[in-house]
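Descriptive analysis of the structure
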Amino acid sequence: GDIYVNAAGDGIDSNNDLLINGGNIMVDGPTNDGNGALDHNGSAVITGGTIVASGSSGMLENFDSDSTQNVLTVFFTSTLAAKSEVSVKDSQGNEVIAYQTDKQSKCAIISCPEIRQGETYTVYVNGEEVRKGYAATLEIEGSGKVVETLSVVCRVLKGTDSKILGWYWFCVSKFEGFLPKACWQ
């Protein structure tokens, strides 16, 4: 079935485990950082269906790694206005999912069967791309030297209660000729 939640407090609030295995769920979550679009005290697993849970980012909780369906977590650099049109497209430009926010939003948790591991997705707000691609090279400032970027990695840090503590990204490259040879052999 279809479920729509327009929440002033927590959107979907489970005092135990949260399991989503089908249906279509849209959560227009809270705008204050003291609540989250998803809130659970146990595990949170998604195995099927479609969910868009948007809202504030202060108490963001996400699905666990035990989930068999992939999840995109999007943090917007500035708060989206109410009635913003958000769409996610794959690397071929095919729209995977689209929705309209009912109120302001700082982040979104998006999951549907069409989101595949290893695919690249681009997020658009009101038709404008909000995620810029990473360059395949890295220039060492002031040196004029350019090295190939092997990958860009993003990691999420979670506490023992599975709540997100923070995130970071780093670039993996070979800095041959920049560091003593013993450092990269």
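Residues numbered from 1 in each chain as written. Predicted model: local features only at pLDDT ≥ 70, side-chain atom pairs only at ≥ 80, totals over all residues. Heavy atoms only, no water.

Brief notes about the side chain of Gln69
The cut-off we apply is this: Elements are defined by DSSP. Helices are runs of H or I of four residues or more, strands are runs of E of two residues or more, and each kind is numbered from the N terminus. Between buried and exposed lies partly exposed: a residue is buried under 20% and exposed over 50% of the maximum accessible area for its type, with that area taken using a 1.4 Å probe on protein chains only. What qualifies as a polar contact is a pair of N or O atoms within 3.5 Å, subject to a donor-acceptor requirement within protein and to the restriction that residues adjacent in sequence count only when both atoms come from side chains. By definition in these notes, contact holds between two residues if any of their heavy atoms fall within 4.5 Å.
By the secondary structure assignment, Gln69 is in the loop between strand 5 (44-55) and strand 6 (72-80). Under the relative-accessibility criterion, Gln69 is labelled buried at 9%. Within the local environment of Gln69, its side chain forms a polar contact with the backbone oxygen of Gly49, the two atoms lying 2.8 Å apart. Polar side-chain contacts of Gln69 include one of 2.9 Å to the side chain of Ser111. If sequence neighbours within four positions are ignored, Gln69 has contacts with Ile46, Thr47, Gly48, Gly49, Ser111, Cys112 and Pro113.

Notes on the packing of aromatic side chains
Put simply, the rule is: What counts as a ring pair is set by centres within 6.5 Å for rings of Phe, Tyr and Trp (its six-membered ring), and what kind of pair is set by the plane angle: stacked under 30 degrees, edge-to-face over 60, tilted for all other angles. By the criterion adopted, a ring carries a charge over it if an Arg CZ or a Lys NZ lies within 6 Å of its centre and within 35 degrees of its normal.
Counting across every chain of the model gives 0 aromatic pairs. Between the NZ or CZ atom of Lys89 and the centre of the ring of Tyr124, over which it lies, the distance is 5.0 Å.

What to know about the nonpolar core
Our working definition: For our purposes a nonpolar core is just a set of buried Ala, Val, Leu, Ile, Met, Phe, Trp, Tyr and Cys residues, chained together by side-chain atoms within 4.5 Å.
Within the largest apolar cluster, 18 residues are counted, with the highest numbers of intra-cluster contacts made by Phe76, Val86, Val88, Tyr99, Ile110 and Ile115. Every element with two or more residues in this core is listed here: strand 6, strand 7 (85-90), strand 8 (95-100), strand 9 (105-111) and strand 10 (121-125). For this core, the element with the most residues is strand 6, which contributes 4 residues. What Tyr99 contacts, discounting residues up to four positions off in sequence, is Met26, Val52, Ser54, Phe76, Ser84, Glu85, Val86, Ala108 and Ile110. In terms of nonpolar packing, the next biggest core, distinct from the first, is built from 17 residues, Ile12, Leu38, Ile46 and Ile109 among them.

Topic: the sheet that holds strand 8
Operational definition: For two strands to pair, DSSP has to find at least two bridges joining them.
Spatial strand order, 8-7-10-11: 4 strands in an open sheet with antiparallel pairing. Where the open sheet ends on each side, the last strands, each with one partner, are strand 8 and strand 11 (128-129). Summarising the sheet, strand 7 and strand 8 pair through 5 bridges and their orientation is antiparallel. Counted as the bridge partner of Val86 is Tyr99 from strand 8.

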